[in-house]
Amino acid sequence: MVEQKAQATSLGRGFWIATAVMAVAAVAGAIYWVYAPIESWVPSIILTAHQVDVFFRFLAAVGTAIYVFVVGYIVYFTIVFGAKKTDPPDAIGVQIHDNHKLEFWWTFFPTLLVVIIAIVSYLIWAEIILKPASGVVVEAIGHQFNFTFRYPQINGEVTDEIHLPVNVPVTLNLTSSDVIHSFWVPAMRLKNDTIPGMVTAIKFTPYRTGRYPIICAQFCGTLHSTMNKQVLVVEDEASFNAWYHGMQLKNAHVSNALPSTSGTIALTGGDAAAGQALFSQKCSACHALGPFDQKIVGPGLRGVLHDPKHPTLVDGDPATPENAAKILQQGFTGPMGTMPNATTNGLSDKDIANVVAYLNSLK
Ligand code: HEC
Ligand SMILES: [Cu+2]
């Protein structure tokens, strides 16, 4: 016969002492999170970032308190109610079931907590997603491996730095040209996927000037980890206007025409200097200016059109400017991976002529 351990079911003095110790630790942990210097770890620059921080303090404080009690009681009960050396080997513990009062409260409080979390999350989310649009509208496009930005009166695309005026509402329309990326600005406590074929909008008003990193938070390919080099610059209106005007002038020669995806591209008049600038913007993440086998994602491109050891391009066609233009226009997937097409790389026909002129000048 299995012998029931003769053991008291009352909790005893030790239980209340342990509970008091846990209560002190839980309160200390919660107070730590209420005052934790989150702002000095990562500054917050939009209203919802501040709300997220307050919410995070609440979650961390409650979470710490629950953690202390759960782990504390596990340890306490393991020690106090564990099998004693003197117990017979087949002894089982005191069997307790059904405590309706306890079951009610341990259902009620977690439910209440989850409902509060849901409501507060919804309010913050609605502020970012559902708020009516106003102010500046900017597009952000995810690429392998950078983000590019489009502004209403600036031709072409802006890379490296996105500028925004302080205290002006912004609607940022996000999309992707290739795979799913995630646009993340830690200082905004805001992260939103960029999805090919879909536009999602986030709305916010930056209230603090400065330079803040933009990071891709979705593994998107071999150079995903380099997608943390771009900067969000929030500045006063005069500096913003100066930058905006400068970009308008700088990009005046860039065409806004959509690239063609078939047909022959006119290569005469290609400007190698303009092509070089484009190369460092749009190609150098994947292509070195070294020999063919100096691979980054794609092959090295020095002498791609003039190397006797490299008579054909990766698609098997002879290494001529026309065939290079075709690869740039239509893209190509081979053993090394995918060379994106002109739409994905954001290249107009004129851009292709310029880049090919540049490639042709490399010996
Ligand atoms: C996302 C990475 C990526 C980007 C960006 C990219 N390429 Fe490529 N490219 C490749 C890959 C990969 C290949 C090789 C495909 C294969 O054969 O597997 C390639 C092949 C090529 C080739 C053929 C090379 C040869 O030896 O035959 C040329 C030319 C080329 N790319 C030019 C460019 C230019 C110019 C740009 C910028 C406008 C550019 N690429 C942007 C990945 C990229
Ligand atoms: Cu990415």
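It should be emphasised that the depicted structure is a prediction, and the values quoted were computed from it without experimental measurement.

Focus: the site of ligand 1
Link 1 in the chain: The immediate surroundings of ligand 1 are formed by 28 residues, with C283, C286, G298, G334 and M339 found nearest.
Link 2 in the chain: Mapped onto the shell around ligand 1, the elements with two or more residues apiece are α7 (321-330), β10 (332-334) and β11 (337-339).

Looking at unusual backbone geometry
Link 1 in the chain: In this structure, the amide linkage connecting Q144 to the following residue, F145, adopts the cis form with an omega of 10°.
Link 2 in the chain: With respect to the secondary-structure elements, F145 resides in the loop between β1 (136-143) and β2 (146-150).
Link 3 in the chain: In this structure, D160 takes a positive phi of about 70° despite not being glycine.
Link 4 in the chain: Unlike most non-glycine residues, N167 shows phi in positive territory, near 65°.
Link 5 in the chain: As for its placement among the helices and strands, N167 is situated in the loop between β3 (161-165) and β4 (170-176).

Quick look at the sheet that holds strand β9 (residues 230-235)
Link 1 in the chain: Across the sheet, which stays open at both edges, the five strands sit in the order β3-β9-β8-β5-β6 with mixed pairing between neighbours. Each edge of the open sheet is held by one strand with a lone partner, namely β3 and β6 (190-194). Sheet twist, expressed as the average angle between the axes of neighbouring strands with direction ignored, equals 25°.
Link 2 in the chain: The pairing of strand β8 (residues 210-216) with β9 spans five bridges and is classified as antiparallel. Paired with G210 across the two strands is V234, which belongs to β9.
Link 3 in the chain: On top of the sheet, helix α5 (residues 237-250) reaches β3 and β9; it is set at about 135° to β3, its chief contact.

Overview of helix α3 (residues 47-81)
Link 1 in the chain: Its 35 residues give α3 an end-to-end C-alpha distance of 50 Å, which sits within 8% of 51 Å, the value for a rise of 1.5 Å per residue.
Link 2 in the chain: Where α3 is concerned, the buried positions are T48, A49, V52 and V68.
Link 3 in the chain: Lining the buried residues of α3 we find α1 (12-35), α4 (100-129), β6 and β7 (200-204).

Remarks on the domain arrangement of the protein chain
Link 1 in the chain: Its domain assignment divides the protein chain into domain 1 (12-96), domain 2 (136-250) and domain 3 (272-361).
Link 2 in the chain: For domain 1 versus domain 3, the separation of C-alpha centres amounts to 58 Å.

Let's talk about the packing of α1 against α3
Link 1 in the chain: For the pair α1 and α3, interaxial distance at closest approach is 8 Å and the crossing angle is 155°. As judged from the angle between their axes, α1 and α3 are roughly antiparallel. The way α1 lies across α3 gives a crossing that is right-handed. Across the interface between the two elements, G14, A18, M22, A25, A26, G29, A30, W33 and V34 of α1 pack against R57, A60, A61, T64, A65, V68, F69, G72, Y76 and V80 of α3.
Link 2 in the chain: In the contact of α1 with α3, the residues fall into 14 nonpolar, four polar and one charged.

Comments concerning the nonpolar core
Taken as a class, soluble globular proteins show a tendency for nonpolar side chains to be buried jointly.
Link 1 in the chain: In this structure, I45, A49, A140, F147, M188 and F204 are the most contacted members of the largest nonpolar core, which totals 24 residues.
Link 2 in the chain: Every element with two or more residues in this core is listed here: α3, β1, β2, β3, β4, β5 (181-185) and β7.
Link 3 in the chain: Not counting the four nearest positions on each side in its chain, F147 is found in contact with A140, I141, G142, F183, I214 and Q230.

Structural notes on the pairing of β5
Link 1 in the chain: Covered by surrounding structure in β5 are H181, F183 and V185 only, the residues S182 and W184 on the alternate face being uncovered.
Link 2 in the chain: With five bridges joining them, β5 and β6 adopt antiparallel strand pairing. Among the inter-strand pairings, V185 is bridged to a residue of β6, identified as L190.
Link 3 in the chain: Hairpin geometry of β5 and β6 is characterised by an intervening segment of four residues between the two adjacent antiparallel strands and by a positive phi of about 50° at R189.
Link 4 in the chain: With two bridges connecting them, β5 and β8 associate as antiparallel partners. By the bridge assignment for β8, W184 is matched with I215.

Concerning the packing of helix α6 (residues 272-282) against helix α9 (residues 349-361)
Link 1 in the chain: Orientation of α6 relative to α9, taken along the N-to-C sense of each, is 95°, at an axis distance of 7 Å. Considering the angle they form, α6 stands roughly perpendicular to α9. Counted together, A272, A274, G275, Q276, L278 and F279 of α6 and D351, N354, V355, A357, Y358 and S361 of α9 form the full contact between these two elements.
Link 2 in the chain: Tallied by class, residues from the contact of α6 with α9 come to seven nonpolar, four polar and one charged.

About the criteria used
- Residues numbered from 1 in each chain as written.
- Chains lettered and ligands numbered in written order.
- Predicted model: local features only at pLDDT ≥ 70, side-chain atom pairs only at ≥ 80, totals over all residues.
- Near = placed C-beta within 6 Å.
- Helix = DSSP H or I, 4+ residues; strand = E, 2+ residues; numbered from the N terminus.
- Pairing = 2+ DSSP bridges.
- Axes fitted to C-alpha atoms, helices over the stretch in contact; angles between N-to-C directions.
- Contact = placed C-beta atoms within 7 Å.
- Expected span 1.5 Å × (residues − 1).
- Buried ≥ 20, exposed ≤ 12 C-beta atoms within 10 Å, placed from the backbone.
- Domains from an automatic or database assignment.
- Parallel < 35°, antiparallel > 145°, perpendicular 65-115°, else oblique.
- Left-handed = near helix turned anticlockwise from the far one by under 90°.
- Nonpolar A, V, L, I, M, F, W, Y, C, P; charged D, E, K, R; others polar.
- Core = buried A, V, L, I, M, F, W, Y, C linked by C-beta atoms within 7 Å.

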